[in-house]
Amino acid sequence: MQLDDPTALPQAADAAQPDALHVAGARLGSRLFLGTARYPAPSILADAVQAAQAEVLTVSLRRLAPETQSGQAWWQRIQSLGRHLLPNTAGCHSASEAVTLAQMAREIFGTHWIKLEVIGDDYTLQPDPWDTVAAAQTLVRDGFAVFAYTTDDLVTAFKLRDAGVAAIMPWAAPIGTGAGPRNLPALRTLRERLPDSVLVVDAGLGAPHHAAQVMELGFDAVLVNTAVAEAGDPVAMARAFALAVDAGRIAHRALPMRQREVAQASTPMVGVPFWHQTAAA
């Protein structure tokens, strides 16, 4: 078999090999981050984490009060999973509130990682860009590795990069909607304009093919919670998302073909056996 590009097979083989994600001083084999809320039972959460082989779990300090007996049991169960914990500032509506909650999370979980969320609108749960950037600047100066939740706005992403965050986490759609990527061109632009930043798609992914879509664009990872936790079978869905993330990553590294405006036959006309030619009159 003659190949147009003799390097095609070696490139494909290399693209299929796992590649680690380096972020905030950690080396991660999995590019699927999982949230820990809304699962039917703690045992199902544990099984889903195992099925996904997820290495990063987000936790909300406001989910249960740590000082209560039930709260302490939940924290201990999460910590027993042996994953990187990424506490979040969910529910905060100002930079000062988010900074205070981040400092509390550092004391409770013993980690300098923080997922920064500052909500600007309670209806869409859209993050406030000004307070998010302000809080990120403060937290980075205070030694935090900030994973900043934002929209797909390019200018905000630039400011978060300049603030020194560990990862920028644009949404695909409003949180909890499961709508999938609503603005793929904007996400593509983010990836192209921030080639050296760690970009993790967070919020709005509802099905595994949504994760594959954004991973094919070159995003470094995705964060999923509701789509797994509220599935009919969360454990199977966690595995499906993990496979989709891997497929999207491999496809991105394999360099997908360029789209064309017109059709082009995949089989050449010259040299094809049994090609019928009309006899000359």
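The structure this text deals with has already been given above.
Everything numeric here is computed off the predicted structure, so don't read it as measured data.

A. Inspection of the side chain of Asp202 at higher detail. If you trace the backbone, Asp202 turns up in strand 9 (residues 200–202). A residue is classified by how much of its surface remains accessible, and Asp202, at 4% relative accessible area, is buried. When neighbours within four sequence positions are excluded, Asp202 is seen to be in contact with Lys115, Tyr149, Met169, Pro170, Trp171, Ala172 and Leu223.

B. Quick peek at the nonpolar core. Judged by nonpolar contacts, the single largest core of 62 residues is most densely connected at Leu32, Leu34, Val146 and Val222. Here the element with the most residues in this core is helix 4 (residues 95–109); it accounts for seven residues. Those residues in contact with Val146 that sit more than four places away from it in its chain are Ile114, Leu116, Ala136, Leu139, Val140, Val165, Ala166 and Ala167.

C. Examining the packing of helix 2 (residues 42–52) against helix 10 (residues 234–253) more closely. The interhelical angle for the contact between helix 2 and helix 10, taken along N-to-C directions, is 25°, at an axis separation of 8 Å. Between helix 2 and helix 10, the interaxial angle falls into the category roughly parallel. You can see that helix 2 and helix 10 cross each other, and the crossing is right-handed. Facing helix 2, whose interface residues are Ile44, Asp47, Ala48, Ala51 and Ala52, helix 10 presents Pro234, Val235, Ala238, Arg239 and Ala242. Taken together, the residues that form the contact of helix 2 with helix 10 break down as eight nonpolar, no polar and two charged.

D. View of the layout of surface pockets. Approximately 660 Å³ is the volume found for the largest pocket. In this structure, the largest pocket is lined by 33 residues; those nearest its centre are Arg38, Ile175, Gly176, Asn225 and Thr226. Sorting the residues of the lining of the largest pocket by element identifies strand 4 (56–60), strand 10 (221–224) and helix 9 (226–229) as the ones contributing at least two each. Take the lining of the largest pocket: its biggest share by element is three residues, from strand 4. Tallied by class, the residues present in the lining of the largest pocket amount to 12 nonpolar, 14 polar and seven charged. The calculated volume of the second largest pocket comes to roughly 330 Å³. Contributing elements (two or more residues each) for the lining of the second largest pocket: helix 7 (184–193) and helix 8 (208–216). For the lining of the second largest pocket, the residue count by class is four nonpolar, four polar and four charged.

E. Region of the structure containing helix 4. In this model helix 4 runs 21 Å from its N-terminal to its C-terminal C-alpha over 15 residues, within 8% of the 21 Å that 1.5 Å per residue would give. Within helix 4, burial applies to Ala95, Ala98, Val99, Leu101, Ala102, Ala105 and Phe109. The arc enclosing the buried residues of helix 4, seen along the axis, measures out at 165°, which places them on a common side. Across helix 4 from its buried face, at more than 90 degrees, point the exposed residues Ser96 and Glu107. Positive phi shows up at Gly110, right after helix 4, with a value of about 65°.

F. How the structure looks around the pattern of salt bridges. Applying the stated rule across the entire model yields nine salt bridges. The salt bridge involving Arg106 is made with Asp142; its shortest N-O contact spans 2.9 Å. One end of the pair, Arg106, is in helix 4; the other, Asp142, is in the loop between helix 5 (129–141) and strand 7 (145–150), and 36 residues separate them in sequence. A relative accessible area of 32% places Asp142 in the partly exposed class. With a shortest N-O distance of 2.9 Å, Glu117 and Lys115 are connected by a salt bridge. You can call Glu117 buried: its relative accessible area is 6%. Beyond isolated ion pairs, a larger network of salt bridges with shared partners links Asp19, Arg31, Arg249 and Arg253.

Procedures and definitions
Residues numbered from 1 in each chain as written. Predicted model: local features only at pLDDT ≥ 70, side-chain atom pairs only at ≥ 80, totals over all residues. Heavy atoms only, no water. Helix = DSSP H or I, 4+ residues; strand = E, 2+ residues; numbered from the N terminus. Buried < 20%, exposed > 50% of the residue type's maximum accessible area, 1.4 Å probe, protein only. Contact = heavy atoms within 4.5 Å. Core = buried A, V, L, I, M, F, W, Y, C linked by side-chain atoms within 4.5 Å. Axes fitted to C-alpha atoms, helices over the stretch in contact; angles between N-to-C directions. Parallel < 35°, antiparallel > 145°, perpendicular 65-115°, else oblique. Left-handed = near helix turned anticlockwise from the far one by under 90°. Nonpolar A, V, L, I, M, F, W, Y, C, P; charged D, E, K, R; others polar. 1 Å grid on protein atoms, 1.4 Å probe; cavity = no way out; pocket = protein on both sides within 12 Å on 5 of 7 lines; lining within 4 Å. Points joined across faces, edges and corners; volume = space filled by probe spheres on them. Expected span 1.5 Å × (residues − 1). Arc of directions from axis to C-beta. Salt bridge = Lys/Arg side-chain N within 4 Å of Asp/Glu carboxyl O.

These results come straight from atomic positions and should not be treated as a statement about function.
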